[in-house]
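Examining the three-dimensional arrangement
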Amino acid sequence: PAASLLTDYILKHQPDCLYRTMKDGTKQPRRKRGIVLELGAGVGTLGLLTASLGLRTIVTELKESVPALERSIKANKFDSERIFAMPLNWFESADADKVIAILRKKNELKRVVILLTDCTYWDSLFVPLASTIQRILERVRAEGGNGVALCGHERRQWKTEKRFFTKRLRQHKLEAETIHE
């Protein structure tokens, strides 16, 4: 449900991190000098949406799930310049470094939008997830770029889950703001 809700939010609210406002007041997707990075993509719902908007997108998941992502991309007839899948294990900082290297190689460190949904229901993932986000955004900022993460979340056990948003992110020099409920 969180992926559907974040998809609806992106389409209805057209956030500035993904859209630019034209002179006539309309909004258009930001197709130049930026990339979308979906963490814990599952079948890639959000990544497929952003690719369909014309945004360059990388969808990431555990190594064993990447073939399913590639099948989703192929089934939707996207080319590898628009969207591609790669492994990213949050427990492996080397994986985050590989993502950063690809962003650097493609000259995409100017504007990075990280998307994630339903990634905060196990507290054992809080630290590695926050560390991965921090590592990527710090590199983007060190290169003079801008980075932001949009997280769709369905409350299940809020007493546990809120620690990610209130404690773990703060420990990793990241801030959370509720933009839609």
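Below, the structure is looked at part by part. (Residues numbered from 1 in each chain as written. Predicted model: local features only at pLDDT ≥ 70, side-chain atom pairs only at ≥ 80, totals over all residues. Heavy atoms only, no water.)

1. Side note on the overall build of the protein chain
Filter applied, for reference: Going along the chain from the N terminus, every DSSP run of H or I of four or more residues is numbered as a helix, and every run of E of two or more is numbered as a strand. Only the C-alpha atoms count toward the radius of gyration. The rule for a globule is 2.2 Å times the residue count to the power 0.38. Three exposure classes are used, based on accessible area relative to the maximum for each residue type with a 1.4 Å probe and protein chains only: buried under 20%, partly exposed in between, and exposed over 50%. Each accessible area value is a Shrake-Rupley result obtained with a 1.4 Å probe; residue values ignore everything except the protein chains displayed when judging cover. Charged residues are defined here as Lys and Arg on the positive side and Asp and Glu on the negative side; His and the ends of the chain fall outside this count. Charge placement uses NZ in Lys and CZ in Arg. For Asp and Glu, CG and CD serve respectively.
Helices and strands together make up the secondary structure of the protein chain, namely 6 helices and 7 strands. Counting from the amino terminus, the protein chain carries its helices and strands in the arrangement α-β-β-β-α-β-α-β-α-β-α-β-α. For 181 residues, the compact-globule formula gives about 16 Å, and the C-alpha radius of gyration of the protein chain, at 15 Å, lands near that figure. Along the three orthogonal principal directions, the C-alpha set of the protein chain runs to about 45 × 35 × 35 Å. Relative to its 181 residues, the protein chain shows a buried fraction of 45%. As displayed, the protein chain offers around 10,300 Å² of accessible surface, 48% of which is attributable to carbon and sulfur atoms. Looking at the protein chain, you have 32 positive and 22 negative side-chain charges, and the mean spots of the two groups are 4 Å apart.

2. Looking at the sheet that holds strand β3 (residues 35-39)
What counts, and what does not: By the convention used here, strands pair only if DSSP detects at least 2 bridges between them. With axes taken as lines fitted to C-alpha atoms, and helix axes fitted only over the stretch in contact, angles between N-to-C directions fall between 0 and 180 degrees. In this analysis, two residues are considered to be in contact whenever any of their non-hydrogen atoms come within 4.5 Å of each other.
Sheet architecture is open: 5 strands sit in the order β5-β4-β3-β6-β7, paired in parallel fashion. Edge positions in the open sheet fall to β5 (83-87) and β7 (146-152), since each of these has one partner strand only. The average angle at which neighbouring strand axes cross in this sheet is 20 degrees, direction not considered. Pairing analysis gives 7 bridges linking strand β6 (residues 111-117) to β7, with the strands arranged parallel. Bridge pairing in β7 links Val113 to Val148. Sheet strands touched by helix α3 (residues 66-75): β4 (57-61) and β5. Its angle to β5, the strand with the most contacts, is close to 175 degrees. Against the sheet, helix α4 (residues 93-105) engages β3, β4, β5 and β6, with an angle of about 155 degrees to β5.

3. Focus on the state of the cysteines
Note the following rule: Cysteine sulfur atoms are paired as a disulfide whenever they come within 2.5 Å of each other.
Summed over the entire model, instances satisfying the criterion amount to 0 disulfides. With no disulfide of its own, Cys17 has Cys151 as its nearest cysteine by sulfur position, at a separation of 13 Å. Its relative accessible area of 18% is what places Cys17 among the buried residues.

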